[in-house]
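Coordinates in review
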Amino acid sequence: MSAPVLEVSGLAYAYPDGHQALYGVDLALTRGERVALLGPNGAGKTTLVLHLNGILTGGLGSVRVDGMAVGRQTLQEVRRRVGVVFQDPDDQLFMPTVRDDVAFGPANLGLRGAELSARVRQALERVGMEEYTDRPPHHLSFGQRRRVAVATVLAMEPSILVLDEPSSNLDPASRRELADILRGLDVTVLMVTHDLPYALELCERSVILDGGAIVADGPTPEVLGDAELLAAHRLELPYGFDPAIVRTTRPPRSEGAGAALTG
Amino acid sequence: MGAGHAHRLHLPGRSPVHRLPAQCKLVGLVGFVLVVVATPRTAYWAFGCYAGLLLAVAVVARVRLGFVAKRAVVEVPVVVFALLLPFVAQGPRIEVVGIALSESGLLSAWNVLAKATLGVVGSILLAATTEQRDLLVGLRRLKMPGQLVQIASFMVRYLDVIADQMHRMRIAREARGFTPHGPRSWPVLARSAGALFIRSYERGERVHLAMLSRGYTGGPPPVLSETRAATSAWVSAAALPVVALMIAVTAWWTR
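So, how was this worked out
By convention here, each chain's residues receive numbers from 1 onward along its written sequence. To read the labels, note that chains go from A and ligands from 1, taken in the order they are written. Thresholds applied to this predicted model are a pLDDT of at least 70 for local features of residues and 80 or more for the giving and counting of side-chain atom pairs; totals over whole chains, interfaces and linings are not thresholded and use all residues. Calculation of side-chain values draws on the structure's entire complement of heavy atoms; hydrogens and water are dropped beforehand. Helix and strand labels come from DSSP, where a helix needs a run of H or I of at least four residues and a strand needs a run of E of at least two; each type is numbered from the N terminus. Computation of the radius of gyration draws on C-alpha atoms alone. For the globule rule, the value is 2.2 Å times the number of residues to the power 0.38. Throughout, exposure labels follow a simple rule: accessible area from a 1.4 Å probe, protein chains only, divided by the maximum for the residue type, with under 20% read as buried, over 50% as exposed, and the rest as partly exposed. Throughout, a contact is declared for two residues whenever any of their heavy atoms are within 4.5 Å. Note on areas: Shrake-Rupley, 1.4 Å probe, and residue coverage restricted to the protein chains presented here. Residue types Ala, Val, Leu, Ile, Met, Phe, Trp, Tyr and Cys, when buried and joined through side-chain atoms within 4.5 Å, form a set referred to as a nonpolar core. Think of it this way: a Phe, Tyr or Trp ring, Trp meaning its six-membered ring, pairs with another when their centres are within 6.5 Å, and the plane angle makes it stacked under 30 degrees, edge-to-face over 60, tilted otherwise. What pLDDT expresses is the predictor's confidence in each residue, scored from 0 to 100. Note on pairing: two strands pair once DSSP finds at least 2 bridges between them. Interaxial angle, 0 to 180 degrees, is taken between N-to-C directions of lines fitted to C-alpha atoms, where a helix line uses only the stretch in contact. When two parts are put together, the accessible area they lose, computed with a 1.4 Å probe and summed over both, is reported as buried area. Basic side-chain nitrogens of Lys or Arg form a salt bridge, by our definition, when they fall within 4 Å of a carboxyl oxygen of Asp or Glu. Residues adjacent in sequence count toward polar contacts only when both atoms are side-chain atoms; beyond that, a polar contact is any pair of N or O atoms within 3.5 Å, and within protein one must be able to donate a hydrogen and the other to accept it. Residue polarity follows a fixed list, in which Ala, Val, Leu, Ile, Met, Phe, Trp, Tyr, Cys and Pro are nonpolar, Asp, Glu, Lys and Arg are charged, and the others, Gly among them, are polar.

Once that is clear, we can look at the overall build of chain B. Assigned secondary structure in chain B consists of 11 helices and 2 strands. The C-alpha radius of gyration of chain B comes to 23 Å, more than 25% above the 18 Å expected for a compact globule of 255 residues. When the 255 residues of chain B are sorted by exposure, 38% land in the buried category. Long-range pairs, those at least 24 residues apart, make up 76% of the contacts in chain B between residues at least 6 apart in sequence. When the accessible area of chain B is evaluated, it comes to approximately 14700 Å², of which 69% is carbon and sulfur surface.

Here it is, written out as structure tokens:
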């Protein structure tokens, strides 16, 4: 694919209190890619994410989604195309039932009636949560709530899925289930995370953001294999974890496995 | 996870009362309460009839009396206030088991107690037979301003989350040797309340961001699928206030 789904160029931003969070970020994602956005706390990751769907604007540089510049006129369309899943599912799920919550986004896009119900059902099926349609979100487990949070965004049929710390607070089984779901989705993914093994497992490409600028961009095994690079940017692999070993033993990425999961 | 205040009031079931649309039940209850409040306080028999009406609703809805009684504890502050009235009110006094009580105070206490109890029991029956979400949909159907319904729906959604947060803060205080007793502990509790307020406020901001990210542009929430109430549902729901009204009119007539 030649045209990037997401194209960030020269993006710089300072908060109203004067704190400069981004110093000229350049980043492009092609369709179908899964990219990990790594970086220490305070690197500007959240600020960058909030620019991708136009929540924050007014700095220098530009963000383009499917070739469309993010601006006041395109805001509604950009927010459909860029689906952001926030870190705390309790922030994301604010309606009385799972169904209402998943319907919230598409309803804002003007969908009603049978079309809306179909969209909700499909989105919940894609994350394996269709049995929980009528439950209130606070009766679900944390892992289930995170899956529903992904569904709320999938229901808008986005071009790119942006996940903020998708594996945080999940037990190992929920973490793996979410990985299976993400691997099965046919959508471009930008995943903000501190969980380096998760990045290696899911994303072929990794980008390191530090001090408000992109400092590394390459295949995940190479980025994670560079001990000096990681140390320079306060990133650490878990004890005893060697990305080189995983790289040779990991099964090749297969779309078929993912499709079987959701189908 | 939170303790789940949500399902403490609701009693799942398939009775005719459960199946009535929420908006009909809401109007029915408000009508009933207005009639009760407008009944002269000395028409004692009328209040007995009202209680009988609620009992009939409870039987049809298959709500046990114990279920209602336990939840009626919420009325205690009103009861305390009512019990104080005969002692503090002015006017002629009468002797009741050796204590001189104000006659008008006794009447006022009865008035407050009877009307409040009927209102509380009616509300408990409504809550027991209606899902919270349906209540919100009902309010929406009754043309309640969207913003108010939205505030109510956020309250329903986040009550558990905030209660859970409060519980964790209490455990954190106690884990560091804090035992609340006496006014000296009040500053600590006040600061905790302040911290909780700020955390809730920040959560509000994050929720708003999440809403914007999904294309929210202000105005009432577009969802909450609505069902139109059939005329027969309105007629069934009207039974309670209409019978109550007939009782009230008779009470005024025979006064």
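With 48 residues, the main nonpolar core has L38, V102, V150, L161, L163 and I208 of chain A as its most contacted residues. No other element matches helix 6 (residues 142-154) of chain A, which puts 6 residues into this core. Counting residues in each nonpolar core, the second largest holds 31 residues, with V8, I55 and V70 of chain A together with A210 of chain B among its members.

With that settled, consider the packing of aromatic side chains. Residue and element names in this part refer to chain A. All chains considered together, the criterion is met by 9 aromatic pairs over all chains. Taking the centre distance of 5.2 Å and the plane angle of 85 degrees together, the rings of Y13 and Y15 count as edge-to-face. The exposure class of Y13 is buried, given its relative accessible area of 9%. Residue Y15 is classed as partly exposed on the basis of its relative accessible area, which comes to 26%.

Turning next to the confidence of the model for chain B. Residue and element names in this part refer to chain B. For chain B, per-residue confidence averages 87 on the pLDDT scale, and residues scoring 70 or more make up 94% of the total. Throughout residues 1-6 the model reports pLDDT below 50, and contacts reaching past four residues in sequence, or to other chains, amount to 16 contacts. If you check the scores for this complex, the pTM reads 0.79 and the ipTM reads 0.78.

This paragraph deals with the sheet that holds strand 10 (residues 213-219) of chain A. Residue and element names in this part refer to chain A. Taking strand neighbours across the sheet as the criterion, the 6 strands line up as 6-7-8-3-9-10 in an open arrangement whose pairing is mixed. Looking at strand neighbours, the two that pair on one side only are strand 6 (82-85) and strand 10, the edges of this open sheet. Recorded for the sheet is a direction-independent mean angle of 20 degrees between the axes of neighbouring strands. Bridge analysis of strand 3 (residues 34-38) against strand 9 (residues 205-210) gives 4 bridges, and the strand direction is parallel. Bridge pairing in strand 9 links A36 to S206.

The next thing to look at is the interface of chain B and chain A. Residue-level contacts link 28 residues of chain B with 34 residues of chain A. Both sides of the chain B and chain A interface together cover about 2700 Å² of buried area, and 60% of this is carbon and sulfur. At the surface where chain B touches chain A, the tally comes to 6 salt bridges. Run the count over chain B and chain A and you get 13 residue pairs in polar contact (both at pLDDT 80 or more). Of all the elements, helix 10 (residues 186-213) of chain B adds the most residues to the side of chain B that touches chain A, at 8 residues. Within the side of chain B that touches chain A, the residues separate by chemical class into 17 nonpolar, 5 polar and 6 charged.

All names here are of chain B. Take S185: it is sitting in the loop between helix 9 (146-175) and helix 10. Since its relative accessible area comes to 6%, S185 is described here as buried. With 19 residues separating them in the primary sequence, S185 and M166 have C-alpha atoms 16 Å apart. Among all residues touching S185, those that are not within four sequence positions of it are F178 and P180.

Two side chains with opposite charge may pair up if their charged atoms get near one another. Residues and elements named next belong to chain A. As enumerated under the stated definition, the model contains 24 salt bridges over all chains in all. Of the charged contacts, one joins R31 and D66 as a salt bridge, the two residues approaching to 3.3 Å between their closest N and O atoms. Here R31, found in the loop between strand 2 (20-30) and strand 3, pairs with D66, found in the loop between strand 4 (60-65) and strand 5 (68-69); they are 35 residues apart in sequence, far enough to count as distant. The exposure class assigned to D66 is partly exposed, which follows from its relative accessible area of 24%. Where R175 meets D195, a salt bridge forms, and the shortest distance between an N and an O atom there is 3.0 Å. Placement of the pair is R175 in helix 7 (residues 172-184) and D195 in the loop between strand 8 (188-192) and helix 8 (196-202), with a sequence separation of 20 residues. Given a relative accessible area of 16%, D195 falls into the buried group. Sharing partners across several salt bridges, the network here consists of R31, D66, E77, R80 and R81.

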